[in-house]
Structures are given as C-alpha cells and as structure tokens.
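Here are the chains, one letter per residue:
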Amino acid sequence: MAAERPQSRLNAEVAGAGVVGLACATELLARGVRVTIHERGPRVGAEACSWYAGGMLAPWCEGESAEEPVVRLGQQAADWWERHACSVTRNGTLVVAPSRDRSELRRFGQRTSHFEELDGEAIAGLEPDLAGRFARGLFFAEEAHLDPRTAIVALADRLVSNGAAIHVNSAVEPADLDADVVLDCRGLAASDALPDLRGVKGEMLLLRSGDISLSRPVRLLHPRIPLYIVPRADGLFMVGATMIESGERRRISARAMLELLGAAYALHPAFAEAEVVEIGTDARPAFPDNLPRLTRRGRVIHVNGLYRHGFLLSPAMARMAAEAALNPQSTPEMLHDLAA
Amino acid sequence: MASFYGFEPRNPLFLGTAQYPSPAILAEAVRRSGAEVVTVSLRRESSGGAGQAFWALIRELGVKVLPNTAGCHTVKEAVTTAQMAREVFGTDWIKLEVIGEDDTLQPDVIALVEAARILSDDGFKVFPYTTEDLVVGGRLLDAGCEVLMPWGAPIGSGRGLNNPYGLRSMRQHFPDIPLVVDAGIGLPSHAAQAMELGYDGILLNTAVAKAGDPAAMAEAFALAIRAGRMAFAAQPIEARDMAAPSTPVMGKAFLA
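Here we summarise the structure given alongside this text. (Residues numbered from 1 in each chain as written. Chains lettered and ligands numbered in written order. Predicted model: local features only at pLDDT ≥ 70, side-chain atom pairs only at ≥ 80, totals over all residues. Heavy atoms only, no water.)

1. Considerations on helix α2 (residues 52-60) of chain B
1) Next: Among all positions of α2(B), only B:Phe54, B:Trp55, B:Leu57 and B:Ile58 are buried. Buried residues along α2(B) cover an arc of 155° about the axis, so they all sit on one side.
2) Next: Those residues of α2(B) that are buried lie in contact with β10 (198-208) and β14 (244-245) of chain A together with α1 (23-33), β2 (37-41), β3 (64-68) and α3 (75-89) of chain B.
3) Next: Two residues or fewer past α2(B), B:Gly62 is found with a positive phi of approximately 70°. (Buried < 20%, exposed > 50% of the residue type's maximum accessible area, 1.4 Å probe, protein only. Helix = DSSP H or I, 4+ residues; strand = E, 2+ residues; numbered from the N terminus. Arc of directions from axis to C-beta. Contact = heavy atoms within 4.5 Å.)

2. Observations regarding the sheet that holds strand β8 (residues 165-167) of chain A
Residue and element names in this part refer to chain A.
1) Next: Strand order across the open sheet formed by seven strands is β8-β2-β1-β9-β17-β16-β18, with mixed pairing between neighbours. The strands lining the two open edges of the sheet, one partner per strand, are β8 and β18 (335-338). Taking the axes of each pair of neighbouring strands and ignoring which way they run, one obtains an average angle of 20° across the sheet.
2) Next: In the sheet, strand β2 (residues 34-38) pairs with β8 via three bridges, with the strands oriented parallel. Bridge pairing in β8 places His38 opposite His167. (Pairing = 2+ DSSP bridges. Axes fitted to C-alpha atoms, helices over the stretch in contact; angles between N-to-C directions.)

3. Observations concerning the interface of chain A and chain B
1) Next: With 24 residues of chain A at the interface, the matching set in chain B holds 19 residues.
2) Next: Taking both partners together, chain A and chain B bury about 1,700 Å²; carbon and sulfur atoms supply 48% of that area.
3) Next: Taken as a group, A:Ile244, A:Glu245 and A:Pro288 account for 26% of the area that chain A buries against chain B, more than any other trio of residues on that side.
4) Next: Between the two partners, chain A and chain B, sit zero salt bridges.
5) Next: When residues of the side of chain A that touches chain B are traced back to their parent elements, those giving at least two are α5 (102-111), β10, β14 and α8 (254-267) of chain A.
6) Next: Split into classes, the residues belonging to the side of chain A that touches chain B amount to four nonpolar, five polar and 15 charged. (Buried area = accessible area lost by both parts, 1.4 Å probe. Salt bridge = Lys/Arg side-chain N within 4 Å of Asp/Glu carboxyl O. Nonpolar A, V, L, I, M, F, W, Y, C, P; charged D, E, K, R; others polar.)

4. As for the pairing of strand β16 (residues 293-297) of chain A
All names here are of chain A.
1) Next: Of all five residues in β16, four are buried; the element is thus mostly enclosed.
2) Next: Sheet analysis places β16 next to strand β17 (residues 300-304), joined by five bridges and oriented antiparallel. Across the sheet, the residue bridging to Arg293 is Asn304, located in β17.
3) Next: One ladder, built from four bridges, connects β16 with β18; its direction is parallel. Within β18, the residue paired with Leu294 across the bridge is Leu335.

5. A short note on the pattern of salt bridges
It is possible for side chains bearing opposite charge to pair when their charged atoms get close.
All names here are of chain A.
1) Next: Per the counting criterion, the structure on display carries 26 salt bridges over all chains.
2) Next: The salt bridge involving Glu248 is made with Lys201; its shortest N-O contact spans 2.8 Å. Of this pair, Glu248 sits in the loop between β14 and α8 while Lys201 sits in strand β10; the two residues are 47 residues apart in sequence, bridging distant segments of the chain.
3) Next: Here the salt bridges share partners, and the residues they tie into one network are Glu47, Arg249, Arg250 and Asp282.

6. A short note on the side chain of A:His38
Residue and element names in this part refer to chain A.
1) Next: Summarising the element assignment, His38 is placed in strand β2.
2) Next: At 2.5 Å, the side chain of His38 and the side chain of Glu13 are in polar contact.
3) Next: In this structure, His38 is in contact with Glu13, Val14, Ala15, Gly16, Ala17, His167, Ser170, Val172 and Leu177, ignoring residues within four places of it in sequence. (Polar contact = N/O pair within 3.5 Å; in protein donor to acceptor, adjacent residues only side chain to side chain.)

7. Here's the deal with the packing of aromatic side chains
1) Next: Across all of its chains, the model carries 13 aromatic pairs over all chains by this definition.
2) Next: Seen from their ring centres, B:Tyr5 and B:Phe127 are 5.3 Å apart, and the 55° between their planes marks the pair as tilted. Of the two residues, B:Tyr5 sits in the segment before β1 (13-16) while B:Phe127 sits in strand β7 (residues 125-130), which places them 122 residues apart along the sequence. Each of the two residues, B:Tyr5 as well as B:Phe127, counts as buried.
3) Next: Taken together, the ring pairs connect B:Phe4, B:Tyr5, B:Phe7, B:Phe14, B:Trp93 and B:Phe127 into an aromatic cluster.
4) Next: Over the ring of A:Phe287 we find A:Arg293, and its NZ or CZ is 4.1 Å from the ring centre.
5) Next: When the ring centre of B:Tyr129 is taken as reference, the NZ or CZ atom of B:Lys95 above it lies at 5.5 Å. (Phe/Tyr/Trp six-rings, centres within 6.5 Å; stacked < 30°, edge-to-face > 60°. Lys NZ or Arg CZ within 6 Å of the ring centre and 35° of its normal.)

8. Focus on unusual backbone geometry
1) Next: Between A:Gly240 and A:Ala241 the backbone carries a cis peptide bond, its omega angle lying at -25°.
2) Next: Inspection of the secondary structure puts A:Ala241 in the loop between β13 (236-240) and β14.
3) Next: Of note, A:His114 is a non-glycine position whose phi angle comes to about 65°, a positive value.
4) Next: Tracing the sequence through the fold places A:His114 in the loop between α5 and β5 (116-119).
5) Next: Under the relative-accessibility criterion, A:His114 is labelled partly exposed at 40%.
6) Next: Positive phi values are uncommon outside glycine, yet B:Leu105 reaches one of about 50°.
7) Next: Relative to the elements of secondary structure, B:Leu105 occurs in the loop between β5 (99-101) and β6 (106-107).
8) Next: The class of B:Leu105 is buried, set by a relative accessible area of 12%.

See the structure below:
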C-alpha cells in the first residue's frame, strides 16, 4: 500500500509533459517522490497546447470572464514560476479599447479589480510607442508574464537535473501504469477517461518587429473579438488567441489570421511591417464550467480542464494534485472523487 | 399563443448561446429563463466531428435548437451554412442572417429574400433576421417564410427598439404573422416594450451572456416578456396629451 511506505520511497508516473504534467512532477519531486514523466511527442511540450500559450499571469484580468477560483488560485502563479523555472516579468497588464468600444472598457472595469484607470498620457508613460493611440486604459500593475516555451524547457531541465526521468515518444494509458501514484496530465487526450472534457480551439501568431517595443501584455478589447499581444525577447510578439468551440487541433483559418492581424494593426500600424514568424493552433481542454478539476479514480488522479489558464493555474493545481496523491484522505479544493 | 411553424412555446424567449463565460453558466441561464428554444451559431470549422462536445452540451439542455447563419455575407454562404446546420442538429429550422454591412451588422435584405426562397424551396422553415421594412417583410412571406424577425437595433448594441413606430406598423401590417424582435435588446424593459406592441417573441443573446450574472438576467427577461405579453392581451390604454382625472370631480365639495 502506497500510504504505508515512507514517502521518500514512493514512485510516481506522470502522463503528459505539457505545463500541467511538468508542474505536477515538480511538486511531487519536491515532496521526495521519484518521478517518471511520459511524453507522447518527440520532445517536451511538442504535443501540448501550452506550447502555444500567451504566458500571461493575469489573474485579475481573467476575472472578467472566469470565476472566483481562477482569480484567487492564479495569484500564486508568478512566484511559483520564478522559484521553479525561469524569471517572470512583473510589469503588469495594460488593457485598452478603441474609442468606439469605450463601453467595453467600462464593462471590463466593472467585472475586475486591482487596476487603476489611465488617461492617454499615463498610457504613453507606460508604453511610449502607444502614445496618442488610446485615450483611456486600465492598468493591472500586479500582474506578470513569462515566455511559455522558455518556462516549459526550463522546468523540464530542472526536473531532470533534480533526478526525474522524462521519456519522450512514450504514449501511455494512465490506467496501465504501475506506480504508487499516477497522474494523468494528458490534456485533451484524456477525453477517453473524462467524458465531460471538450476542446476549445485557439489560434495564435508570432510576429517580429523592430519598429515597436512593448514592456507588458496589452489586451485590446472588442465586443466580439477581444485579443492580446504579449512581448517576448528578440522583438517577438505573440498575438492570441481565438476561442472556438472545437476540438480540432491543426487547421488555421484565414478568418482567425485576419482577426489576429487586425488586432495587432489596431494596436499599432507598425505591426503591418512585422515579419510573420509562426502561426500556431491547438485546442485547450475544458470542463463545462471552464474550471480546472482534479479527478481521483483510485490510484489515478486526472489533472485537467485548465482551459485558457495553463500557466496561471498549473502551480495551484500541481500543489493540490501532489497533496491528493500523497494523502488519499485529503480533499483539496477542485477535487472530484470517482469510484475506481 | 403564436405558432412558429407549428411550435407553440409557452415562453416565447429565443435565447442565444454565444459568449457565455462557460457552458455551465449558459445551461443555468437557459434553465432559469425557461426558454424553450435556443439559437446556435454554426461556424464552419466547428462542423464535422470537432465541435461535437459543445453540440452535445447544447442538446443536453433539452430545448429546441434554432441554428443560425450568423456571420454569413452572401446567399451562397448562408445556404451552405443552413445545410450544414440541418445535418449537425437534425432540424429544418434555420434563423437566416445575411449581413450586408459590417459596422451595423445590418441585414442585406436583397440577399436575404433570395436565400429565404432557396431554403424554403429546399424544405427549410426559415426565421429571417430582417429590418422593419414592410415591403421586404412581404417579399419574405412570398418567398415562403411564415415568421418575420425584424431588428430592434444593431446586433449586440443593446439600444432597445430604435424605431418603435416602424415595429408597430409592422405589427399592424402583418396581424396574423408571428413576429419576433431579434437583435439590439439590452434590457428587460426593451423586451417588455416589444411584447406590449403585440410582438410574439424576443430573440436575444448578448444582453444575457455578457451580463454580470447571466442566469439572473435571463430570468429577468423571462419575467419582462411575460409582463409585456400580459399587458398587450389586457389592451393597454392609449397615451393622451391632457390629464384625465381618474376620480370624478363633478359633485365634489369645494373646500376652501
């Protein structure tokens, strides 16, 4: 019996080396568990929707449409990432809207907290390249962002150097794994075990421009197509992301590119001259309430449904998953028990 | 009680399913509103197998589905989308929307009439999203429509009834045709106003989906629609310019 052994001798197998699997492995390793990670793709992150994430650690902004646990649990994220993977940039989030969509800005402010209202001058103070472009904005000073790919690779490297094993090209059935603790972090591929799970497709774009620089993620509000731009190193900008009720993971539509490029251009016309470096798509795993869930089914714990909050909620979910895995009597928040 | 192609809902709220914070909140809004019909926008990329999970959630609501052709700009696009919707949802109902202008999302009524004719001939039961233009309304009926859905205001604007006179004229001009105000509704009072004009139903989405508490707002709309319909049936008084005392003054004692 797992619980009767000393914890230092427990071993765990984790299915999936996306952001959730790696974060869970990190929390297990920190508790003295021996960890093996199985990734179906040829490298860490290869088949993970988190590879295409924006990397915004923006719990208060997300409160505009997400429920309370997302805002609360997401506040742990920035510190966790900095401690376990890589540096995060703590420059806040800027939210703007074209003057014709000013009411969207009011609505956003009514649904969120932890921001200050800015006028055009203050916006230019934060982002000199946006001077004169927006008369009103909201600034969420306590928010942060990171580069998701850097973070995933750094987290994996740290795991390996701390003694974890990562097997690539290793597609596994969690139910078949023979370990004291099994965590299923396969994202949408876990639909076979979690019938409630659905895909919400997102399409993104990477642009490179030397003509404009931004210091923080900028969200551009629009009644139908709210989008964001996240600055990364080397003049790269990630523009994301569409939200489509579909589990399709490969096809990128012309409409999506039109919307993403339109948003970038509306933010600053200089983006018209930017180089298109990459277009990408995947589907986010979500439950009907769009909240993450731990599902305990005997020895296996499914960690899933992080939806558009992979980097924001992985730290909190990983902590809870480790707690639930090592103490079968524990009932952390977001836990659903199922008969084995 | 109006009949929409033979279907007589007790609650004539047609609730849209887009833009909710989550499918769970959508389900709660449908439940609390008591809506018997929901509209669903079919994006081409969600057809086939990929959108199955979301469609399954919609079917689980246990209400009638009115697919729409939202976002279509041409006759061909709208007809193709309608045909895909018939396959995905197994219904011959279609809310026909052909957008003519991107800023106001105003319907292209010329293309609308043409698409309505093609779809009606193909056996569809068409719910056309139109303006309050009486002549266009007549053409849509000639094309085979048995329901008309004039706009209150541009889609998503929440402005209410921009042209109450036009909507009233439409009601008087088509006394026996089921009429639904579709689009532009922002507040329950707008919905009540349309029902007081004698409209047979209200179609809305944004006003509920983007409210702070969508489920509570959905119920507020259901109550307003019920109140408006009851008021119309109870035959409201006409507005007048001069005061009309409600208590007789003749024979009253003059005090001081």
